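Chain and residue survey
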Protein chains: 6
Amino acid sequence: MAEAYKYEYFNVTFPAEYVAHVEINRPEKLNAFIEQMWLNLSAIFTRLSHDPNVRSIVITGAGDRAFTAGLDVQAASQSSLTQNAEDPARTATTLRRHILEFQNCISAIEKCEKPVIAVLHGTSYGLALDLSLACDIRLCASTTRFSIKEVDIGLAADIGTLQRLPKAVASFSWVKDVCLSARIFGAEEANQVGLVSRVYGSKAEAMQEGLKLAGTIASKSPVAVQGTKEVLNYSRDRSVEEGLRYTAVWNAAMLQTKDMKDAMLSGLQKTTPKFSKL
Amino acid sequence: MAEAYKYEYFNVTFPAEYVAHVEINRPEKLNAFIEQMWLNLSAIFTRLSHDPNVRSIVITGAGDRAFTAGLDVQAASQSSLTQNAEDPARTATTLRRHILEFQNCISAIEKCEKPVIAVLHGTSYGLALDLSLACDIRLCASTTRFSIKEVDIGLAADIGTLQRLPKAVASFSWVKDVCLSARIFGAEEANQVGLVSRVYGSKAEAMQEGLKLAGTIASKSPVAVQGTKEVLNYSRDRSVEEGLRYTAVWNAAMLQTKDMKDAMLSGLQKTTPKFSKL
Amino acid sequence: MAEAYKYEYFNVTFPAEYVAHVEINRPEKLNAFIEQMWLNLSAIFTRLSHDPNVRSIVITGAGDRAFTAGLDVQAASQSSLTQNAEDPARTATTLRRHILEFQNCISAIEKCEKPVIAVLHGTSYGLALDLSLACDIRLCASTTRFSIKEVDIGLAADIGTLQRLPKAVASFSWVKDVCLSARIFGAEEANQVGLVSRVYGSKAEAMQEGLKLAGTIASKSPVAVQGTKEVLNYSRDRSVEEGLRYTAVWNAAMLQTKDMKDAMLSGLQKTTPKFSKL
Amino acid sequence: MAEAYKYEYFNVTFPAEYVAHVEINRPEKLNAFIEQMWLNLSAIFTRLSHDPNVRSIVITGAGDRAFTAGLDVQAASQSSLTQNAEDPARTATTLRRHILEFQNCISAIEKCEKPVIAVLHGTSYGLALDLSLACDIRLCASTTRFSIKEVDIGLAADIGTLQRLPKAVASFSWVKDVCLSARIFGAEEANQVGLVSRVYGSKAEAMQEGLKLAGTIASKSPVAVQGTKEVLNYSRDRSVEEGLRYTAVWNAAMLQTKDMKDAMLSGLQKTTPKFSKL
Amino acid sequence: MAEAYKYEYFNVTFPAEYVAHVEINRPEKLNAFIEQMWLNLSAIFTRLSHDPNVRSIVITGAGDRAFTAGLDVQAASQSSLTQNAEDPARTATTLRRHILEFQNCISAIEKCEKPVIAVLHGTSYGLALDLSLACDIRLCASTTRFSIKEVDIGLAADIGTLQRLPKAVASFSWVKDVCLSARIFGAEEANQVGLVSRVYGSKAEAMQEGLKLAGTIASKSPVAVQGTKEVLNYSRDRSVEEGLRYTAVWNAAMLQTKDMKDAMLSGLQKTTPKFSKL
Amino acid sequence: MAEAYKYEYFNVTFPAEYVAHVEINRPEKLNAFIEQMWLNLSAIFTRLSHDPNVRSIVITGAGDRAFTAGLDVQAASQSSLTQNAEDPARTATTLRRHILEFQNCISAIEKCEKPVIAVLHGTSYGLALDLSLACDIRLCASTTRFSIKEVDIGLAADIGTLQRLPKAVASFSWVKDVCLSARIFGAEEANQVGLVSRVYGSKAEAMQEGLKLAGTIASKSPVAVQGTKEVLNYSRDRSVEEGLRYTAVWNAAMLQTKDMKDAMLSGLQKTTPKFSKL
């Protein structure tokens, strides 16, 4: 199965039944992203989304130093995008197309039908936030240093952090503090505001717990789990009333699954249910 | 007055002026819900909503063991809804109508014009969350064990938890963790993420404090209190701009109340104001 | 420059390059607001919004006792608005126009293109919340006593607190608790729910840190900083998808700034960049 | 079956298989509505909505003179609602509850899962528009005289006309003309702007054609027909993107109907398909 | 009264009780707009909005040749806005502020609480559409030549035509045809698609009928008329459900007007009601 | 250039400068669609969207008999999608993914940045409506027979007709009539309700006029034309206020184009402007 997921800068492995592990793999550059990488990231998650052998996913960064240091600024500064044409309107058109494509690549994680757990450690700047905020659950090692770095290089973040962060954490005042100052903050602070839901002593421990949680989720009915992800994301962005209506239509089909009977029976019999592929 | 509120599985009492107490009363089954119960719950709160003798409401579960263990799964599994017809589209129609009706019953608490305080204790699973998230304020005893149980029985929750939880607490990562893993969590964790606003040592203490808070709210102008509930719920689901516009139209009538003069005068004279019924 | 900002009840000074300081100055009345004051507040922030010499703003209250005690209730009670005409519909029209105008004055802070840091201390009631919630970052002294006072004078708050608070803090249960009970809460509680992002020992210390943060923000690219404020506020009120699309169009122009090159170069050279006025 | 639908002011009959005919029956008062009537109207359509023996509905007015002259103003003027209490805020609360209940009664037609065809004739004022705009298809006799009468009795229409008319017809300028002037307009004008989709020479002819159309619709797959009504109403009120997403989830269940095979087979064999009840 | 409305390029007169007439008055330049004109237009309509002596408004263009030929392109091309700075991001900021201000000036007509009737004739290009689409009712002389001219000068219209036209007329295909081709179309075509609600033989006749309609509207209850305008505009932009809820809150105050009794009584007594100022 | 656009069932040609012509080419099957065709359609329009040599597009159907008869029902009925698995929830997941992909293919026309003109003739059923409603302008030959055929094969249309039709034409009553009855209607009726904006005597004439209109549009500034399409589609789906704000940000970049100067100069000099590629 893994052959289908060969990419230069990503290791995709399957450490347990129904669990995929995606590792960002450019450690010599602190896992900084070049364009090819986000295109590949999107391809991987689009494929995992419909892969019946996968029910939950963990994403990590290779090496000890960084989840990712963000965009590879040096590479970006040599891109043709910054070679402005004489007409700012035409340059704007090129830039808009580019930003929308980049956004779509990161949003592929959110659109992936299976839950995705980000396990962060070390340097986690810029794109590290965009990317992990598109994941469902965020865990981190105590060594993690976060920064929403974009204002320090002269731009407003445009790949998702400014959209998803205010809906992910406790305090809008804190959101503006870290987005406007670009200051570095640590794992404990991230935990207190709810950016991550747990902090572990080391990268190894965080990964182990991340994989354990992925295993737990993978053991549940995929109909139930994938419906829960879909409905939570849908409802975050809409009124309670809209969310309820959509869920009713969704479950009108999904409650017809035989997983419900299997799950209830297993509950009574204290056995482990086996659910069909989805 | 209480005669109007006689139901087999609910005790409705009036422990103080303008305060109603609704007790879920099926303790021998851990207050698990059968269909009749949610229909009655809706009837009770629809009636309390317009009852001029009521200004705030406390909801609790009878017995020491549970607020509610959720849906009575055994009863549900015998329901005709799970006797699928041969045509999945027709089954879906029946299920959709059923889910929408069930949702409306729980939403009757949110639509009730008076503030509702949920006091939770012991087992508080599944429907316990749907129900208490439709309340305005959540308090709990230190014994409370919460779980968003639905994925464990093979479905995505569809009666309100997945819609209201992301807008009620601090961390979207935590929301997905507990919704996708169905793990049990305790009172302290609920407090830290803001699901409840206070934890008390025992059910008795939590109830006493819940009733005290209900009494405080009932002593205020009902025009002010009910407007505050309405506007907060409206604004949660819409942009700040939409919220402001609606509030301006709302208060164009409500600022004409004589409660304002009474309240200000009482404030100056250090007396307790008496407000007309609403 | 300061001459342009002369107002009876506000001191506007410029304590550092690109930093403005707006002080509410009616300390003998605990900085309580009369109509002239909110009209002036709006004029000040509308002007600061486009002033190229300003990149960040701190707002504080004069004196030791209060940020502001809120609306000057005595003055309000003598206003012609409370002299009801015989026709409640015509009175409602007058009131609606008045509320909308008052809302617009407070929203002028949110619409101001530059980040605004509120530093609160002492009595911070009613309008103190409306006003500081329209700011971007809230800091406070440990002495601060907050209260959403409106239900105590017989009305639902209508100038912004009920719209912005549920989107600014961690817990909807806590929001309803403090809005419905009008109880006083302190700096620590405000910090725990995320209403403020830091608490300092004294007003002096809080102000010093507020100005320091304002200075940090003012040292960044104004294109990046103002884009970040705009996009965060836009995205708070809309779906992630809507936020992403708007940001792509916004940045299609903004990424053409030369600030990006200057910022990157300064980063490499460890120098302090100088950005053109905006 | 008809016994279940006995109401003083409505005749409910079943002129053809799967077709219901609801006749407003107070001809001596030009079918003007008193409160009991809109409560009954709601009860009838709520019941028809889930009645498996009904697939389409025609609504008409008894007698030669009027579909309905609208609200029975004389009865309304004696209602307790107009006996204002001394407190305009409390009166407003009573009025708001009343308006919402009245709106819900009329919206019961729109929420009815089966298509409803209004056949108008003669005097069709005020509520005639509110009511028929909640229907799916409007036909009329050439004798029909329409008027959005509300401004002539001192109020803005509040039961649905002002919400649904701008989304139902061709010209917003025309909508404002007839709503602000309350002028009477005829069948031809209604046809030109698209308010009705066809005009017939007489009430009898219009009714006959209305029943024929109802018969045609009743002969189709109820899964297809009711899905079409639901999706059109949902999409009218939302963006194309939202509409598409909802429809995909809806049809994920509905395309599993065996009606599709039956319909296709009948199409090939030139036979009349028989669809199961829904 | 008229003294308050003195402007160089507008004649504001009061041809009948409660009726205002605003005439664009720069006929030697085909009533083309320079910046001062749209600022004045906004000032006029903002003032008329709250002027108790005005209940309906007619807007026309002076001279025989044009309602308005649109933006004075020559003046615009000399504006400092087109003197691009070296930084496209800073230029964009200036342009955005400018467009938003210009939009607000035109939207002042839509936000004016009183109905506005546009009577068009002759050349009606570009801004003529933006402006008249912000009006409530559009009438025109048979001589009117319309064009959505903007693509011919290299831009997408940004002052309101592209927002309001699709919601004002019959055919989205026609909207795109005229917006993308910038072709000139006549009064009959405008009438057929519903852009105008009536065509008259001459400017004089159109004006006479416009004033007559304004008089009719001005004779009605201003509570009813202004509520109708507000609710129609609100509902155009939102779902039917949102519109109904807002209207219920609006009318909770407005149905308390004594205009209702006066209007009903006058109806019965066949007299002309006199309504208090608003 | 044309080599890049080689597809079995589509002819893509470039009949004039900047004009592309896409011909559906399966005339022996009345241009009925099989899956490969909508995948190719999407690929073509996605490519045309960014192709700098194309500024407007015409889409037609090959042969005399049909624009398209819709979905190839025979092929569809043999698809694996209709081989239902034993679990309706898993079948629903497969169907939902399939519908969303199909919708995205058709929406690629709407998302294409260049205006698309559909020229219809002959049989134009089902998918013919979905497809042409995603185009910007619809023209047709007098021979065209339209039908929204889906209810006749037992389903609610789910590829766009039910979303876009209510926002494209004059009468919601007419929309429901044709969607619920699946009746065939002709070119004149389509013209009267605004579904098409013009009818021509023959397919040849319609195509000639379609190409002429495409040529006119292609001669304008592509910055202006593509901005107009984008803003019209955006605004159709949102409130006027949201539309205005987005347009202001859009034009902040786009008004910096040199096309404006070129267009104005050409206007004054009566020359034909040449605009750079976009």
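Residues numbered from 1 in each chain as written. Chains lettered and ligands numbered in written order. Predicted model: local features only at pLDDT ≥ 70, side-chain atom pairs only at ≥ 80, totals over all residues. Heavy atoms only, no water.

Here's the deal with the side chain of F:N233
- Relative to the elements of secondary structure, F:N233 occurs in helix 9 (residues 222-236).
- The class for F:N233 is buried, based on a relative accessible area of 10%.
- The residues touching F:N233, leaving out its near neighbours within four places in the chain, are E:F172, E:K176, F:E110 and F:D136. (Helix = DSSP H or I, 4+ residues; strand = E, 2+ residues; numbered from the N terminus. Buried < 20%, exposed > 50% of the residue type's maximum accessible area, 1.4 Å probe, protein only. Contact = heavy atoms within 4.5 Å.)

Points about the interface of chain A and chain C
- Between chain A and chain C, the contact holds 43 residues from the first and 46 residues from the second.
- Remark: the boundary between chain A and chain C carries 3 salt bridges.
- Here C:R198 makes a salt bridge to A:D177, at a shortest N to O gap of 3.7 Å.
- Looking at the side of chain A that touches chain C, the elements with two or more residues in it are helix 2 (73-77), helix 3 (88-111), helix 5 (161-164) and helix 6 (172-181) of chain A.
- By residue number, the principal contributor to the side of chain A that touches chain C is helix 3 of chain A, which donates 10 residues.
- When the residues that make up the side of chain A that touches chain C are grouped by side-chain class, the tally is 21 nonpolar, 11 polar and 11 charged. (Salt bridge = Lys/Arg side-chain N within 4 Å of Asp/Glu carboxyl O. Nonpolar A, V, L, I, M, F, W, Y, C, P; charged D, E, K, R; others polar.)

Thoughts on the relation of the copies chain D and chain E
- Superposition record for chain D on chain E: RMSD 0.0 Å, screw rotation 120°, translation along axis 0.0 Å. These values place the two chain copies in the arrangement generated by a three-fold rotation axis. Within chain D, D:A170 has its C-alpha nearest the rotation axis, a separation of 2.4 Å.
- Little of the interface of chain D is mirrored in chain E, where only 7% of its interface residues again form contacts. (Least-squares fit on C-alpha atoms with pLDDT ≥ 70 in both.)

Quick look at the state of the cysteines
- This structure, assessed with the given rule, holds 0 disulfides over all chains.
- There is no disulfide at A:C140, and the cysteine sulfur nearest it, in A:C135, is 13 Å away. (Disulfide = S-S within 2.5 Å.)

So, the interface of chain D and chain E
- With 44 residues of chain D at the contact, the number on the chain E side is 46 residues.
- Summing the contributions of chain D and of chain E, the shared interface buries around 3600 Å²; its carbon and sulfur component is 66%.
- Applying the counting rule to chain D against chain E returns 3 salt bridges.
- E:K220 is the partner of D:D152 in a salt bridge, and the nearest nitrogen-oxygen pair spans 2.7 Å.
- Across the contact surface, chain D and chain E share 18 residue pairs in polar contact (both at pLDDT 80 or more).
- Among the secondary structure elements, those contributing two or more residues to the side of chain D that touches chain E are helix 2 (73-77), helix 3 (88-111), helix 5 (161-168) and helix 6 (172-181) of chain D.
- With 10 residues, the top contributor of residues to the side of chain D that touches chain E is helix 3 of chain D.
- When grouped by side-chain class, the residues that make up the side of chain D that touches chain E number 21 nonpolar, 12 polar and 11 charged. (Buried area = accessible area lost by both parts, 1.4 Å probe. Polar contact = N/O pair within 3.5 Å; in protein donor to acceptor, adjacent residues only side chain to side chain.)

Quick notes on the domain arrangement of chain A
Residues and elements named next belong to chain A.
- We note that the domain assignment places domain 1 (2-218) and domain 2 (222-269) within chain A.
- Facing 12 residues of domain 1, the contacting portion of domain 2 comprises 7 residues.
- Contact between domain 1 and domain 2 buries roughly 830 Å² in total, counting both sides, with carbon and sulfur atoms accounting for 48%.
- Linking domain 1 with domain 2 are 3 salt bridges.
- Close ionic contact of D136 with K229 constitutes a salt bridge, the shortest N to O distance being 2.9 Å.
- The interface formed by domain 1 and domain 2 holds 6 residue pairs in polar contact (both at pLDDT 80 or more) in total. (Domains from an automatic or database assignment.)

A few points about the environment of A:D136
- Locating A:D136 in the fold gives a position in the loop between helix 4 (127-133) and strand 7 (137-141).
- Sequence separation of A:D136 and A:E110 is 26 residues, and the distance between their C-alpha atoms is 7.5 Å.
- Each residue touching A:D136, except ones within four places of it in the same chain, is listed here: A:K114, A:P115, A:V116, A:K229, A:N233, B:F172, B:S173 and B:K176.

Topic: the pairing of strand 2 (residues 19-24) of chain D
All names here are of chain D.
- In terms of burial, strand 2 is a largely internal element, 6 of the 6 residues being buried.
- Here strand 2 shows two buried faces, one formed by V19, H21 and E23 and the other by A20, V22 and I24.
- Judged from the 5 bridges that link them, strand 1 (residues 10-16) and strand 2 form a sheet pairing that is antiparallel. Bridge assignment links A16 to a residue of strand 2, and that residue is V19. (Pairing = 2+ DSSP bridges.)

A look at the nonpolar core
- Residues D:F45, D:L195, E:F45, E:L195, F:F45 and F:L195 are the most contacted members of the largest nonpolar core, which totals 194 residues.
- When residues in this core are grouped by element, the largest group, 7 residues, is from helix 3 (residues 88-111) of chain E.
- Discounting chain neighbours no more than four positions away, the residues touching E:L195 are D:S173, E:L129, E:L133, E:R138, E:F146, E:L165, E:V169, E:W174, E:F185 and E:A190.
- Among the nonpolar cores identified, the runner-up in size contains 191 residues, and B:I57, B:L155, C:A128 and C:A187 belong to it. (Core = buried A, V, L, I, M, F, W, Y, C linked by side-chain atoms within 4.5 Å.)

Things to note about the sheet that holds strand 3 (residues 56-61) of chain D
Residues and elements named next belong to chain D.
- The 6 strands are arranged 1-2-3-5-7-10 in an open sheet whose pairing can be described as mixed. A strand with exactly one partner marks an edge of an open sheet, and here the two such strands are strand 1 and strand 10 (198-200). The average angle at which neighbouring strand axes cross in this sheet is 25°, direction not considered.
- Packed on one face of the sheet, helix 8 (residues 203-218) meets strand 1, strand 2, strand 3, strand 5 (116-120), strand 7 (137-141) and strand 10 and runs near 165° to strand 3. (Axes fitted to C-alpha atoms, helices over the stretch in contact; angles between N-to-C directions.)

Side note on unusual backbone geometry
- Despite not being glycine, B:A182 shows a phi value in the positive range, around 60°.
- Inspection of the secondary structure assignment puts B:A182 in the loop between helix 6 (172-181) and strand 9 (185-186).
- Since its relative accessible area comes to 3%, B:A182 is described here as buried.
- Positive phi, normally seen in glycine, also occurs at E:Y18, with a value near 70°.
- Secondary-structure assignment places E:Y18 in the loop between strand 1 (10-16) and strand 2 (19-24).
- Of the residues examined, E:Y18 reaches a relative accessible area of 14% and is grouped as buried.

A word on the pairing of strand 7 (residues 137-141) of chain E
Residue and element names in this part refer to chain E.
- Along strand 7, 5 of the 5 residues are buried, which leaves the element largely enclosed by surrounding structure.
- Here 4 bridges tie strand 5 (residues 116-120) to strand 7, and the two strands are oriented parallel to one another. Opposite V119, over in strand 7, you have L139 as the bridge partner.

A closer look at helix 3 of chain D
Residue and element names in this part refer to chain D.
- The terminal C-alpha atoms of helix 3 lie 33 Å apart, and with 24 residues this matches the ideal 34 Å at 1.5 Å per residue to within 8%.
- When the local axis directions of helix 3 are compared, the greatest deviation, roughly 30°, occurs at C105.
- The element helix 3 is extensively covered by neighbouring structure, given that 19 of its 24 residues are classed as buried. (Expected span 1.5 Å × (residues − 1). Bend = angle between axes of the 7 residues up to and from the residue.)

Topic: the pattern of salt bridges
- Throughout the structure, instances matching the rule amount to 120 salt bridges over all chains.
- Across the salt bridge formed by A:R96 and F:E113, the nearest N and O atoms sit 3.6 Å from each other. One end of the pair, A:R96, is in helix 3; the other, F:E113, is in the loop between helix 3 (88-111) and strand 5 (116-120), on a second chain.
- Residue classification places A:R96 among the buried residues on the basis of a relative accessible area of 8%.
- Of the charged contacts in the structure, one is a salt bridge between C:D177 and C:R183, with a shortest N-O distance of 3.1 Å.
- For C:D177, a relative accessible area of 5% puts it in the buried group.

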